[in-house]
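# Results of the structural survey
Each chain, letter by letter, is given below.
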Amino acid sequence: MKAKNGRYISGKFTQYKKKNFTAENGLLTPKTNCLLSADDGTVYAGTKGGLYKLNGDEFVRIFEENLSKSVNSLSALSGQRIAVCMESELYFLIGNSLKFVRKFPEIIVDVCDKRGRLWILTKGRIICTDYNAENDTLNRTLEGGEGLSLAVSDKEIYVSTETNISVVHGKR
């Protein structure tokens, strides 16, 4: 706190700026379901109308032919992959290519990778599978309502539902 020429000097601080993105900046729908900032700094937005990528000052729709429905979850995975969940379908975005992985019986809510496996939370189940999503080692019904969010550590699995947060320890 210094005074100089009758002015208060508080030191340096970050000046934040705000910018709103709407239909004028490329978004076709006002509701954004999810956002992701990838490791390379690219920003993605999942909306009811598909997947968008921030390009300069505009969001540009990408993979229109494949992702025409609601993109409800985006997750950064190891190996520079991004999990893109369009309703009940799981895709991997790798660089500039999109790969279909698997269709699940319910809407996918969240995806993460930990312990060398993919962990998938749907509205009613938690699933642990390999990276090709072919060999499930866990496929369990949720308790406490619809699944909302998933967090997996080295020792525990946390699942939030409409009524609680459950933690699973150990092997079972």
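Please refer to the structure placed before this passage.
So, a few notes on the structure that sits alongside this text. The structure displayed is predicted, hence computed values, not measured ones.

## Observations regarding the side chain of D113
For D113, the location among the structural elements is in strand β11 (residues 108–114). On the accessibility criterion, D113 (17% relative accessible area) is buried. A distance of 2.8 Å separates a polar atom in the side chain of D113 from a polar atom in the side chain of S78. Only 3.3 Å separates the side chain of D113 from the side chain of Y131, close enough to count as a polar contact. Apart from the residues lying within four places of it in its own chain, the contact partners of D113 are A76, L77, S78, R81, L118 and Y131.

## Some words on the pairing of strand β10 (residues 97–103)
As paired elements, strand β9 (residues 89–94) and β10 share six bridges and run antiparallel to each other. When the sheet's bridge partners are listed, L93 is paired in β10 with L98.

## Some points on the environment of Q80
With respect to the helices, strands and loops of the structure, Q80 is situated in the loop between β7 (71–77) and β8 (81–86). In this structure Q80 comes out as exposed when scored by relative accessible area, which is 56%. It is 7.6 Å that separates the C-alpha atoms of Q80 and G95, two residues lying 15 residues apart in sequence.

## A short note on the pattern of salt bridges
Within this structure, the stated rule accounts for five salt bridges. Between K123 and E146 there is a salt bridge, and its shortest N-O distance comes to 3.8 Å. Of this pair, K123 sits in the loop between β12 (117–122) and β13 (125–129) while E146 sits in the loop between β14 (136–141) and β15 (147–152), and the two are 23 residues apart along the sequence. Judged by its relative accessible area of 35%, E146 is partly exposed.

## Quick look at the sheet that holds strand β5 (residues 50–55)
If you walk across this open sheet you meet the four strands as β3-β4-β5-β6, and the pairing is antiparallel. Lying at the two open borders of the sheet, with one neighbouring strand each, are β3 (32–37) and β6 (58–62). Going across the sheet, the axis of each strand differs from the next one's by a mean of 30°, ignoring polarity. Where strand β4 (residues 43–47) and β5 come together, four bridges link them in antiparallel fashion. Paired with G46 across the two strands is L51, which belongs to β5.

## Considerations on a nonpolar patch on the surface
A cluster of nonpolar side chains, contributed by Y158, I165 and V167, occupies part of the molecular surface with about 270 Å² of accessible area. Its place among the elements puts V167 in strand β17 (residues 165–169).

Rules and cut-offs
Residues numbered from 1 in each chain as written. Predicted model: local features only at pLDDT ≥ 70, side-chain atom pairs only at ≥ 80, totals over all residues. Heavy atoms only, no water. Helix = DSSP H or I, 4+ residues; strand = E, 2+ residues; numbered from the N terminus. Buried < 20%, exposed > 50% of the residue type's maximum accessible area, 1.4 Å probe, protein only. Polar contact = N/O pair within 3.5 Å; in protein donor to acceptor, adjacent residues only side chain to side chain. Contact = heavy atoms within 4.5 Å. Pairing = 2+ DSSP bridges. Salt bridge = Lys/Arg side-chain N within 4 Å of Asp/Glu carboxyl O. Axes fitted to C-alpha atoms, helices over the stretch in contact; angles between N-to-C directions. Patch = residues over 30% accessible without salt bridge, like charges linked within 9 Å, V, L, I, M, F, W, Y side chains within 5 Å. Areas by Shrake-Rupley, 256 points an atom, 1.4 Å probe, with all protein chains shown as cover.

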